[in-house]
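Working through the structure, step by step
So the chains spell out like this:
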Amino acid sequence: MKRPSTLAVYRWEIRKLRSQKRTYLGLGAAVVVPLIFSTAVALQPGGPEDVPFGRYIQDTGLAIPLVMLLFGSIWLFPLITALVSGDIVAAEDQNGTLKTILTRSVERSQIYTAKALAAFSYAILAIVLTGATAVTSGIIVSGFNPVTSLSGQLIQPGEALGLVAVSHAVYLMPILAVASFALLLSTVTRNSAAAVVGTLMFSLLLQLITIVPGLEGLKPYLLSTQFNAWQGLLRSPADWDPIIRASWVCALYAIPSLLVGLTVFIRRDVTGG
Amino acid sequence: MDQSIPVSVRGLTKQYGEIRAVDDVDLTVEAGDVFGYLGPNGAGKTTSMRMMLGLIRPTAGSVRVFGRDPQQSVSALEGVAGFVEAPRFYPYLDGRTNLRLLASLDGRDARSLVEEVLEVVELRDRGRDKVGGYSHGMRQRLGIAAALLRQPKLLMLDEPATGLDPAGMRDMRKLVRRLADDGMTVILSSHLMAEVEELCDRVAIIRTGKIVYEGRLDELRRAAGLSYTLRTTDDPKARSVLGSAAGIEAAADGPQGELRFHPEDESAVAGLSSALVESGMGIVELSPRSASLEDLFFDLTEGADAEASAARLDKGIEAVEGGQ
């Protein structure tokens, strides 16, 4: 009997995700929420003045995905991410299938790696779907028009579309850090609900810390702050500092979470089922 | 370490806080054995089997499967398959896809093998149905199919007949018998005595985490020797006579309220019958009976007399071995 490749294990993790309702619940929300937002823009005059790009959503559909990124960072995207990442190990514990797969010819580290990659793939797909839906529905509602940058210059629609795509890619850094944290909770708690809710609470807690007096100094190092790093791209010239900081701050959250999760997964006793 | 020995367990211990679930267990399963692992619920059977499969880390001691340590790498489980407690599958996938997934985790792309094992467990017609809709018996059979995918030399089955109806139990036993006849070594954890008596040639009995007997089933029966059943016109009074009679030990109540005892020899039985008659009792029944596995199991695992029974059995085994 030969050991399977981690890629083969990953393919089966994707196959399992494709067969589960919660996957479609998360991906459905990633599509439906921007559709609802675009519909609301079409039905109401004006827009949210107090957030970046909020005042332009009636002028250009390309502002809508950017406003979605801002609103989604509070709980929507962490929740969509945690729905799968928080479940992917714990569900196997709760169903008793962990013992089934751990007595085959595959190492525990391979299973954990495949699960992490599958959770990341799902999170990436959710962000891509949100972005694509928001861009498409936004253009239908408000047109394919130039975007006014945060520095006040007009960005032509073609260039703006590219920047919207790159902004979503930058946004993936904190999303993958959230996925890593959810995976850790999924492994440690062995309970899907606890891992999903715990990830959401963690995300909200980080948002709350930013408004506590005296803790302002922590703000650049909080995961929640990194959800705004993409805004640096929408300045003229582009400000790369928040993006560079986001890359290492997110790594500081993600890598220890993944390593601790992996260690726990490898060393744990499988008593369930 | 001898790679021809399917399972060798030495000093195996698992501690959960204050509770010692498995306590210094030594076991050897030889090639070709159909090995019954017996014990009441909570005795430590499943915990030991999980350690044999590398699912749980021992607190102390060692497990070697074909000479290799399953804690070190899953490659130690090459040639080994089975399940602990109920076999579990992905309920949202069909039976065939579950098996293909598991075959893939064994590094195989074995569509034809999947069909073959589905045929063996008579689930080929239901292979396209989601496992969530399977009955308990079908899941048990799918568990066997999943084990057979590995084409094992050693099959570990934990309570495989649990929850099955009589026909399902019969089919499961037939299947295990067939696999054993094909030369597979089988470890069968069970608390169903009839199943063990029918299938197994060697047994280990575990009680509160400790092995109280390990050896051949026929040796166990011979060592236990004869017991006697006694019914009288006044059983409470007879019980006190039994307690004071010379050469009588381990008197206890049988399942129908009758008295049972082990005499040292036949003269002790003769002495007892005289004592009963002298006490004014009529003897309704005084008959010898061979101990069933169930009797031995209860003797060794239940009540305050269990340790005395184990000691008596040890003496019996020494006597049997001495006579050989």
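Higher on the page you've got the structure.
About the criteria used
- Residues numbered from 1 in each chain as written.
- Chains lettered and ligands numbered in written order.
- Predicted model: local features only at pLDDT ≥ 70, side-chain atom pairs only at ≥ 80, totals over all residues.
- Helix = DSSP H or I, 4+ residues; strand = E, 2+ residues; numbered from the N terminus.
- Contact = placed C-beta atoms within 7 Å.
- Rg over C-alpha atoms; globule rule 2.2 N^0.38 Å.
- Buried ≥ 20, exposed ≤ 12 C-beta atoms within 10 Å, placed from the backbone.
- Axes fitted to C-alpha atoms, helices over the stretch in contact; angles between N-to-C directions.
- Parallel < 35°, antiparallel > 145°, perpendicular 65-115°, else oblique.
- Left-handed = near helix turned anticlockwise from the far one by under 90°.
- Nonpolar A, V, L, I, M, F, W, Y, C, P; charged D, E, K, R; others polar.
- Pairing = 2+ DSSP bridges.
- Core = buried A, V, L, I, M, F, W, Y, C linked by C-beta atoms within 7 Å.
- Expected span 1.5 Å × (residues − 1).
- Arc of directions from axis to C-beta.

Attention now moves to the overall build of chain B. Scanning chain B from N- to C-terminus turns up eleven helices and 13 strands. Long-range contacts, defined here as pairs at least 24 residues apart, represent 67% of the contacts in chain B between residues at least 6 apart.

Check the secondary structure of chain A and you find eleven helices and two strands. For chain A, the succession of helices and strands along the chain, N to C, is α-α-α-α-α-α-α-β-β-α-α-α-α. For chain A, whose C-alpha radius of gyration is 20 Å, the value lies close to the compact-globule estimate of 19 Å for 273 residues. Seen through its C-alpha atoms, chain A measures out along the principal axes to roughly 60 × 45 × 30 Å. The buried share among the 273 residues of chain A stands at 47%. For chain A, the proportion of contacts with a sequence separation of at least 24, taken over those separated by at least 6, is 78%.

Two measures define how a pair of helices packs: the angle their axes make with one another and the distance between the axes. All names here are of chain A. The interhelical angle for the contact between helix α7 (residues 108–142) and helix α11 (residues 241–267), taken along N-to-C directions, is 140°, at an axis separation of 9 Å. When the axis of α7 is compared with that of α11, the two are oblique. Considering how the two elements wind past one another, α7 and α11 form a crossing that is right-handed. For the pair formed by α7 and α11, the contact residues are R108, S109, Y112 and A116 on the first element and L258, G261, L262, F265 and I266 on the second. Class assignment for the residues of the contact of α7 with α11 results in six nonpolar, two polar and one charged.

We now examine the interface of chain A and chain B. Of the residues lining the interface, 26 residues belong to chain A; the matching set on chain B comes to 23 residues. Along the lines of polarity and charge, the residues of the side of chain A that touches chain B split into nine nonpolar, ten polar and seven charged.

Let's shift gears to the pairing of strand β3 (residues 34–38) of chain B. Remember that side chains alternate between the two faces of the sheet whenever the strand is regular. Burial within β3(B) is extensive, with five of its five residues counted as buried. Because side chains alternate across β3(B), one face comprises the buried residues B:V34, B:G36 and B:L38, and the other comprises B:F35 and B:Y37, equally buried.

Moving on: the sheet that holds β3(B). Residues and elements named next belong to chain B. The strand order across the open sheet formed by six strands is β5-β6-β7-β3-β8-β9, and the pairing between neighbours is mixed. The open sheet is flanked by β5 (80–83) and β9 (210–216), the only strands paired with a single partner. Geometrically, the sheet is characterised by an average inter-axis angle of 15° between neighbouring strands, direction not taken into account.

What follows deals with the packing of helix α2 (residues 95–105) of chain B against helix α3 (residues 111–120) of chain B. Residues and elements named next belong to chain B. Interhelical geometry of α2 versus α3 gives an angle of 125° and a closest axis separation of 10 Å. Considering their axes alone, α2 and α3 lie oblique with respect to each other. Here α2 and α3 pass one another in a crossing that is right-handed. From α2, R96, L99, R100 and A103 reach across to α3, where they touch L113, V114, V117 and L118. Residues that form the contact of α2 with α3 fall into these classes: six nonpolar, no polar and two charged.

What follows deals with the environment of B:V120. Residue and element names in this part refer to chain B. On the secondary structure map, V120 appears in helix α3. When the C-alpha positions of V120 and S189 are compared, they lie 22 Å apart, and in sequence the two are 69 residues distant. Residues in contact with V120, not counting those within four places in the same chain, are A145 and L148.

A separate point is the nonpolar core. Membership of the largest hydrophobic core comes to 150 residues, with the highest contact counts inside it found for A:A119, B:A145, B:V186 and B:L188. When residues in this core are grouped by element, the largest group, 15 residues, is from helix α8 (residues 157–189) of chain A. Residues B:V241, B:I248, B:V269 and B:L272 belong to the second largest nonpolar core, which totals eleven residues.

Note: α-helices contain 3.6 residues per turn, so residues at a spacing of three or four share the same orientation. When the terminal C-alpha atoms of helix α2 (residues 21–43) of chain A are compared, their 32 Å separation across 23 residues agrees well with the 33 Å that a helix rising 1.5 Å per residue should span. As for α2(A), its buried residues are in contact with α1 (6–18), α3 (63–72), α4 (76–85) and α7 of chain A.

Residues and elements named next belong to chain B. Here we have three strands laid out as an open sheet, ordered β2-β1-β4, and antiparallel in their pairing. Looking along the sheet, the strands with just one partner apiece sit at the ends: β2 (19–29) and β4 (60–65). Across the sheet, the mean angle separating the axes of adjacent strands is 20° when strand polarity is ignored. Sheet analysis places strand β1 (residues 7–16) next to β2, joined by seven bridges and oriented antiparallel. When the bridges of β2 are listed, Q15 appears paired with R20. Docked against the sheet, helix α1 (residues 45–52) engages β1, β2 and β4, running at close to 120° with respect to β1.

Turning our attention to helix α9 (residues 266–278) of chain B. Residue and element names in this part refer to chain B. In this model α9 runs 19 Å from its N-terminal to its C-terminal C-alpha over 13 residues, within 8% of the 18 Å that 1.5 Å per residue would give. Among the residues of α9, V269, L272 and L276 are the ones counted as buried. One side of α9 holds all its buried residues, which, seen down the axis, span an arc of 60°. Across from the buried face of α9, at angles greater than 90 degrees, the exposed residues are S267, A270, S274, V277 and E278. Two residues or fewer past α9, G280 is found with a positive phi of approximately 90°.

Further remarks concern the environment of A:T113. All names here are of chain A. By the element assignment, T113 lies in helix α7. A residue is classified by how many C-beta atoms lie within 10 Å of it, and T113, with 18 of them, is partly exposed. Here the alpha-carbon distance between T113 and S224, two residues 111 residues apart in the chain, equals 25 Å.

Worth remembering: the numbers are spatial, not functional.
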